[in-house]
Protein chains: 2
Amino acid sequence: MTMPSGEQWDRETFIARLQEAGEGKGKNGHSLLADIEAGSATPAAVKRWIAGRYYYQTLLPRQDALITANCPVRDVRRAWVERIMEHDGRRADQGGIGAWLQLGEAAGVTRRDLEEHRNLPQAARETVDEQLELVERSSWQAAIAATLVDLVAPDLLREPATAFEKHYSWIEKAGLGYFKSRAVQAARHAAQALDFTVRYCDTPSLQREAVRVLERKCDLLFAMLDAVEGRGGEQGRPEARPAAARA
Amino acid sequence: MTMPSGEQWDRETFIARLQEAGEGKGKNGHSLLADIEAGSATPAAVKRWIAGRYYYQTLLPRQDALITANCPVRDVRRAWVERIMEHDGRRADQGGIGAWLQLGEAAGVTRRDLEEHRNLPQAARETVDEQLELVERSSWQAAIAATLVDLVAPDLLREPATAFEKHYSWIEKAGLGYFKSRAVQAARHAAQALDFTVRYCDTPSLQREAVRVLERKCDLLFAMLDAVEGRGGEQGRPEARPAAARA
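Everything quoted here is computed from the prediction, not taken from an experiment.

Side note on the overall build of chain A
- From N to C terminus, chain A includes 12 helices and zero strands.
- If you list the helices and strands of chain A from N to C, you get α-α-α-α-α-α-α-α-α-α-α-α.
- In terms of C-alpha radius of gyration, chain A reaches 18 Å, essentially the compact-globule figure of 18 Å for 247 residues.
- A principal-axis box enclosing the C-alpha atoms of chain A has dimensions of 55 × 40 × 30 Å.
- Here chain A, with 247 residues, has 57% of them falling under the buried criterion.
- Put simply, 79% of the contacts in chain A that link residues at least 6 apart link residues at least 24 apart.
- For chain A, the centre of its 34 positive side-chain charges and the centre of its 36 negative side-chain charges are spaced 2 Å apart.

Brief notes about the side chain of Arg78 of chain B
- As for its position among the elements, Arg78 of chain B is in helix α4 (residues 74-88).
- For Arg78 of chain B, the contacting residues outside a window of four places in its chain are Asp88, Gly89, Arg90, Arg91, Ala92 and Gln94 of chain A.

Some remarks on the interface of chain A and chain B
- The partner chain B presents 28 residues to the 28 residues of chain A that form the contact.
- With both chains or domains summed, chain A and chain B bury close to 2000 Å², and 48% of this area falls on carbon and sulfur atoms.
- By the criterion of area lost to chain B, the three top residues of chain A are Arg62, Arg74 and Arg78 of chain A, representing 30% of everything that side buries.
- Our count for the chain A to chain B interface comes out at four salt bridges.
- A salt bridge links Glu82 of chain A to Arg90 of chain B, with the nearest nitrogen and oxygen atoms 2.5 Å apart.
- Summed over the shared surface of chain A and chain B, the result is 16 residue pairs in polar contact (both at pLDDT 80 or more).
- The set of elements that each furnish at least two residues to the side of chain A that touches chain B consists of α3 (43-70), α4 (74-88) and α5 (95-106) of chain A.
- Split by residue class, the side of chain A that touches chain B holds 12 nonpolar, six polar and 10 charged.

A look at a negative patch on the surface
- A surface patch of negative charge is lined by Glu133 and Glu136 of chain A together with Glu133 and Glu136 of chain B.
- With respect to the element layout, Glu136 of chain B can be found in helix α7 (residues 122-137).

A short note on the environment of Gly98 of chain B
- Assignment of secondary structure puts Gly98 of chain B in helix α5 (residues 95-106).
- Between the C-alpha atom of Gly98 of chain B and that of Leu114 of chain B, which follows or precedes it by 16 residues, the distance is 11 Å.

Structural notes on the relation of the copies chain A and chain B
- With an RMSD of 0.0 Å, the fit of chain A onto chain B corresponds to turning through 180° and sliding 0.0 Å along the axis. This pairing of chains is accounted for by a two-fold axis. When C-alpha positions in chain A are compared against the rotation axis, the closest is assigned to Ala65 of chain A, at 2.6 Å.

Topic: the pattern of salt bridges
- Evaluation of the coordinates by the stated rule reveals 34 salt bridges over all chains.
- Here Asp88 of chain A and Arg77 of chain B are joined by a salt bridge, their closest N and O atoms 2.7 Å apart. Of this pair, Asp88 of chain A sits in helix α4 while Arg77 of chain B is found in helix α4, placing the two residues in two different chains. This pair shows no difference in class: Asp88 of chain A is buried, exactly as Arg77 of chain B is.
- A salt bridge links Arg182 of chain B to Asp150 of chain B, with the nearest nitrogen and oxygen atoms 3.3 Å apart. Of this pair, Arg182 of chain B sits in helix α11 (residues 177-200) while Asp150 of chain B sits in helix α9 (residues 149-152), and the two are 32 residues apart along the sequence.
- With a relative accessible area of 15%, Arg182 of chain B lands in the buried category.
- Among the charged side chains, a salt-bridge network with shared partners connects Arg53, Asp150, Glu159 and Arg182 of chain A.

A word on the nonpolar core
- Among the nonpolar cores identified, the biggest contains 155 residues, and Trp49 and Phe164 of chain A together with Trp49 and Phe164 of chain B are the most heavily contacted of them.
- Leave out the neighbours within four places in its chain, and Trp49 of chain A touches Leu32, Leu33, Ile36, Trp100, Arg158, Pro160, Phe164, Leu225 and Val228 of chain A.

Regarding unusual backbone geometry
- Located in the positive-phi region is His117 of chain A, a residue other than glycine, with phi close to 55°.
- Relative to the helices and strands, His117 of chain A is located in the loop between α6 (111-115) and α7 (122-137).

Some points on the packing of helix α1 (residues 11-21) of chain A against helix α11 (residues 177-200) of chain A
All names here are of chain A.
- It is the contact of α1 with α11, at a shortest axis distance of 11 Å, that shows an interaxial angle of 125°. Comparing the axis directions of α1 and α11 gives the class oblique. Seen from above, α1 lies across α11 with right-handed handedness. Of the residues in α11, those touching α1 at Arg11, Phe14, Ile15 and Leu18 are Leu194, Thr197 and Val198.
- Of the residues that constitute the contact of α1 with α11, the class distribution is five nonpolar, one polar and one charged.

Quick word on α11 of chain B
- With 24 residues, α11 of chain B ought to run about 34 Å at 1.5 Å a step, and its terminal C-alpha atoms sit 34 Å apart, in line with that.
- Taken as a whole, α11 of chain B carries its principal kink of about 30° at Ala183 of chain B.

Analysis parameters
Residues numbered from 1 in each chain as written. Chains lettered and ligands numbered in written order. Predicted model: local features only at pLDDT ≥ 70, side-chain atom pairs only at ≥ 80, totals over all residues. Heavy atoms only, no water. Helix = DSSP H or I, 4+ residues; strand = E, 2+ residues; numbered from the N terminus. Rg over C-alpha atoms; globule rule 2.2 N^0.38 Å. Buried < 20%, exposed > 50% of the residue type's maximum accessible area, 1.4 Å probe, protein only. Contact = heavy atoms within 4.5 Å. Lys, Arg positive; Asp, Glu negative; His and termini not counted. Charge placed at Lys NZ, Arg CZ, Asp CG, Glu CD. Buried area = accessible area lost by both parts, 1.4 Å probe. Salt bridge = Lys/Arg side-chain N within 4 Å of Asp/Glu carboxyl O. Polar contact = N/O pair within 3.5 Å; in protein donor to acceptor, adjacent residues only side chain to side chain. Nonpolar A, V, L, I, M, F, W, Y, C, P; charged D, E, K, R; others polar. Patch = residues over 30% accessible without salt bridge, like charges linked within 9 Å, V, L, I, M, F, W, Y side chains within 5 Å. Areas by Shrake-Rupley, 256 points an atom, 1.4 Å probe, with all protein chains shown as cover. Least-squares fit on C-alpha atoms with pLDDT ≥ 70 in both. Core = buried A, V, L, I, M, F, W, Y, C linked by side-chain atoms within 4.5 Å. Axes fitted to C-alpha atoms, helices over the stretch in contact; angles between N-to-C directions. Parallel < 35°, antiparallel > 145°, perpendicular 65-115°, else oblique. Left-handed = near helix turned anticlockwise from the far one by under 90°. Expected span 1.5 Å × (residues − 1). Bend = angle between axes of the 7 residues up to and from the residue.

Written out as structure tokens, the structure is:
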């Protein structure tokens with residue numbers, strides 16, 4: 001697996017390297033999500049997670065629009081623009097953002113609190129903003145690779161659908177629609193993004209950038225959960241891991 | 001009409017100022033389009049215009065995706081994402097880019113020549129690239145205002161639909177679909193963009209930025225036509241007009 005850094009990886013090696021990008025500290029998910037999953041999270045912790053993840057949701061359409069803007073390939077844009085619409089929906093509470101607002105309300109977090117990002121720790125906001133900046137300064141190919149979190153570190157984006165029904169009876173079931181639509185979407189999105197990543201990261205330099213950007217994305221998602229859990233502050237913004245740490 | 005620069009303009013004044021932004025040298029359109037309209041353009045000149053405008057078409061979805069990416073207002077994104085899809089279409093030759101490829105073929109410019117941007121003068125390419133950069137470095141509100149060319153300097157984007165049918169019998173009529181779909185779109189787009197511009201350019205500074213960016217956009221479109229006509233080179237890239245020039 002150790003190759004001179006200038007060589008083009010074949011498909012298998014490239015995918016293995018992308019997998020390794022998920023093997024940072026987020027490999028086993030995050031304690032906040034594990035607590036929520038196990039039913040041991042306090043209502044306050046669940047609500048903080050909902051608020052933090054809401055801010056993340058609001059930046060997803062902008063992230064995907066940025067990838068679309070940077071991409072000169074019409075067929076990729078055609079696919080990617082669908083994601084923007086899936087986040088924003090066409091009207092009212094359609095789309096991922098609307099569904100998340102409903103989830104919040106079902107858990108007793110008002111729409112206004114969510115929309116005004118109250119209870120969003122500054123450190124959490126920064127880790128999300130940094131994810132958008134990461135896309136902004138990356139090639140569109142590597143930015144697409146960075147959406148492969150579900151594939152390489154699925155526990156970082158784990159959605160506690162079953163746990164919500166099972167353990168948190170104070171959350172109204174009517175608000176859980178988000179999880180249902182997401183499960184179908186996620187598999188389709190991952191397959192598509194992997195296809196584009198392998199096809200368009202077609203130089204040694206783009207392949208390495210893809211691995212690096214995906215790794216950073218995983219670190220930032222982990223840091224976001226840290227910040228939401230209250231471990232924010234300076235530790236909340238991870239330094240880029242040195243390449244040696246994953247050799 | 002002369003106001004201290006720090007004041008908020010009322011709706012009427014703001015719209016008047018936007019109109020004035022179209023009153024640069026492009027006020028009366030451009031000689032290339034006038035020639036095409038009059039039926040006096042050579043086939044070579046018509047083909048050069050088709051090639052230049054094709055490059056412009058290919059950047060429109062990316063421009064609109066950039067506006068979408070920069071915009072935090074969900075309802076505006078929902079509207080703007082429609083434009084991305086109208087340019088790119090869903091499949092095959094749907095959308096504005098596809099229709100333009102068909103127009104090219106009807107005029108004897110091969111798809112390959114268009115897609116590889118042969119016969120695109122470097123100066124024309126630069127004026128189009130600069131339009132994308134203009135959007136990139138402007139606020140999303142001012143970038144939306146810059147789409148109001150059809151409203152303030154319509155002759156700069158004049159589409160010689162009737163002239164094509166009347167004067168250029170060597171262009172196959174089947175290729176003129178672009179003009180038909182555009183006519184409907186253009187009026188709807190202008191009304192929507194004006195509405196957003198007035199509503200969201202809601203500070204003195206955003207209003208002035210909107211006027212400045214729209215003015216620059218008009219200048220760049222004029223310079224693009226200059227370059228396509230063969231007046232490119234250094235003169236093809238206009239310096240920003242000093243504010244005094246339009247006082």
